[in-house]
Amino acid sequence: MKEQKPYMISQDKQSGMWYCHKRGYKYIPVFGSIGKRAQAAKIRDIYNRSKGY
């Protein structure tokens, strides 16, 4: 079974904006990740690499 990485991206249904957050903490976005999907994914990848994943 593949291990899940700690950071992921989600889309806010009301505004349509994408953001990165830690798994299980959907209501706390990571600073600098709110915007387009590509921007949120870039921040997610940086945070997941910094954790050794």
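What the rule picks out here adds up to one salt bridge. A salt bridge links Arg 44 to Asp 45; its shortest N-O distance comes to 3.2 Å. By relative accessible area, Arg 44 is classed as partly exposed at 23%.

On to the pairing of strand E2 (residues 18–22), then. With four of five residues buried, E2 is to be regarded as a mostly interior element. In terms of strand pairing, strand E1 (residues 7–11) meets E2 through five bridges, oriented antiparallel. Looking at E2, one finds that Met 8 is bridged to His 21. A loop of six residues connects E1 with E2, the two strands running antiparallel in sequence, and Gly 16 in this loop sits at a positive phi of about 85 degrees.

Here a ring pair, both rings aromatic, is described through the centre-centre distance and the interplanar angle of the planes. Under the definition given, this model contains two aromatic pairs. Seen from their ring centres, Tyr 25 and Tyr 27 are 6.3 Å apart, and the 65 degrees between their planes marks the pair as edge-to-face. Relative accessible area serves as the criterion here: at 63%, Tyr 27 is assigned to the exposed category. One residue, Arg 37, lies across the ring of Trp 18, its end atom 4.7 Å from the ring centre.

Let's shift gears to the nonpolar core. In this structure, Tyr 7, Ile 9, Trp 18, Cys 20, Val 30, Ala 40, Ala 41 and Ile 43 together form the largest nonpolar core, which totals eight residues. Sorting the residues of this core by element identifies E1, E2 and helix H1 (37–50) as the ones contributing at least two each. In terms of residue count, H1 provides more of this core than any other element does, three residues in total.

Next up on the list: the environment of Tyr 25. Position of Tyr 25 among the secondary structure elements: in the loop between E2 and H1. When the C-alpha positions of Tyr 25 and Lys 5 are compared, they lie 13 Å apart, and in sequence the two are 20 residues distant.

Turning next to the environment of Ser 10. On the secondary structure map, Ser 10 appears in strand E1. A distance of 2.7 Å separates the side chain of Ser 10 from the side chain of His 21, its partner in a polar contact.

Scoring rules and cut-offs
Residues numbered from 1 in each chain as written. Predicted model: local features only at pLDDT ≥ 70, side-chain atom pairs only at ≥ 80, totals over all residues. Heavy atoms only, no water. Salt bridge = Lys/Arg side-chain N within 4 Å of Asp/Glu carboxyl O. Buried < 20%, exposed > 50% of the residue type's maximum accessible area, 1.4 Å probe, protein only. Helix = DSSP H or I, 4+ residues; strand = E, 2+ residues; numbered from the N terminus. Pairing = 2+ DSSP bridges. Phe/Tyr/Trp six-rings, centres within 6.5 Å; stacked < 30°, edge-to-face > 60°. Lys NZ or Arg CZ within 6 Å of the ring centre and 35° of its normal. Core = buried A, V, L, I, M, F, W, Y, C linked by side-chain atoms within 4.5 Å. Polar contact = N/O pair within 3.5 Å; in protein donor to acceptor, adjacent residues only side chain to side chain.

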